[in-house]
Amino acid sequence: MLFALPAARAAGDLTRQEPVAVTLQIGCDATPPRFSPDTLTLESGKLYALRLHNSGSKPCYFGSQSLADAVYTRKVVALDATGRTVAEVYGPIRRIEIAAGHAVEWWILPVRTGRFEDVMSTRALTEAGMKAVIEVK
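This one's a predicted model, so the numbers in the text were calculated from it and none came from an experiment. (Residues numbered from 1 in each chain as written. Predicted model: local features only at pLDDT ≥ 70, side-chain atom pairs only at ≥ 80, totals over all residues. Heavy atoms only, no water.)

Enquirer: So what exactly am I meant to see when it comes to empty space enclosed by the protein here?
Expert: A water-sized probe rolled over the atoms picks out the places where empty space is left. For the structure shown, the criterion picks out one cavity of 30 Å³ or more. In terms of lining, the largest cavity is formed by F62, G63, S64, A68, I93, R94, R95, I96 and W106. In terms of residue class, the lining of the largest cavity is made up of five nonpolar, two polar and two charged. (1 Å grid on protein atoms, 1.4 Å probe; cavity = no way out; pocket = protein on both sides within 12 Å on 5 of 7 lines; lining within 4 Å. Points joined across faces, edges and corners; volume = space filled by probe spheres on them. Nonpolar A, V, L, I, M, F, W, Y, C, P; charged D, E, K, R; others polar.)

Enquirer: How should the side chain of T73 be read in this particular structure?
Expert: The residue T73 is located in strand β6 (residues 71-79) in this model. Here the side chain of T73 touches W106 through a polar contact of 3.0 Å, side chain to side chain. Beyond its immediate sequence surroundings of up to four residues, T73 is in contact with G91, I93, W106, W107 and I108. (Helix = DSSP H or I, 4+ residues; strand = E, 2+ residues; numbered from the N terminus. Polar contact = N/O pair within 3.5 Å; in protein donor to acceptor, adjacent residues only side chain to side chain. Contact = heavy atoms within 4.5 Å.)

Enquirer: Any chance you could explain the packing of aromatic side chains here in plain terms?
Expert: Both the distance between ring centres and the angle between the ring planes are used here to describe each pair of aromatic rings. Summed over all chains, the structure comprises two aromatic pairs. With 6.2 Å between their ring centres and 90 degrees between their planes, F35 and F62 make a pair best called edge-to-face. Here F35, found in strand β2 (residues 34-36), pairs with F62, found in strand β5 (residues 60-63); they are 27 residues apart in sequence, far enough to count as distant. A single burial state applies to F35 and to F62, both of which are buried. A centroid spacing of 6.1 Å and a plane angle of 70 degrees characterise the contact between F62 and W106, whose relative ring orientation is edge-to-face. Residue F62 is found in strand β5, and its partner W106 is found in strand β9 (residues 103-110); the two are separated by 44 residues along the sequence. Comparing F62 with W106, the two get one shared label, buried. By the ring-pair criterion, three or more aromatic residues cluster together here, those being F35, F62 and W106. Lying across the ring of W107, K75 places its NZ or CZ 4.2 Å from the centre. When the ring centre of Y61 is taken as origin, the NZ or CZ atom of R95, which lies over that ring, is 4.2 Å away. (Phe/Tyr/Trp six-rings, centres within 6.5 Å; stacked < 30°, edge-to-face > 60°. Buried < 20%, exposed > 50% of the residue type's maximum accessible area, 1.4 Å probe, protein only. Lys NZ or Arg CZ within 6 Å of the ring centre and 35° of its normal.)

Next up, the structure:
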């Protein structure tokens, strides 16, 4: 009977968290190509809806192998141009392609701290200076 009482639930029930919304603009066809902001700071143990918005005129990629290894992915939500959900993807994510003028929300729970400097789109855009850093404290 003790399990039925609300006070008996774990204080750190991560399934009940509301996500903190954070937006990262992806400008693959900007001059110069860039992420904006190019630095994000997140906190371990907090749920984030990392909104990746491509405001450009061509598809863009987003990826960070080290960040992907340091977070639990709750889901990825694909949004249409009006912001309406058109698909949800569950499971580990390594790289995302975002259509021109669209956005996705990568719902992540950072479980390991670190400074992740491998945020990138494509190798050519990285060489052109399109880089970002995500730090988890």
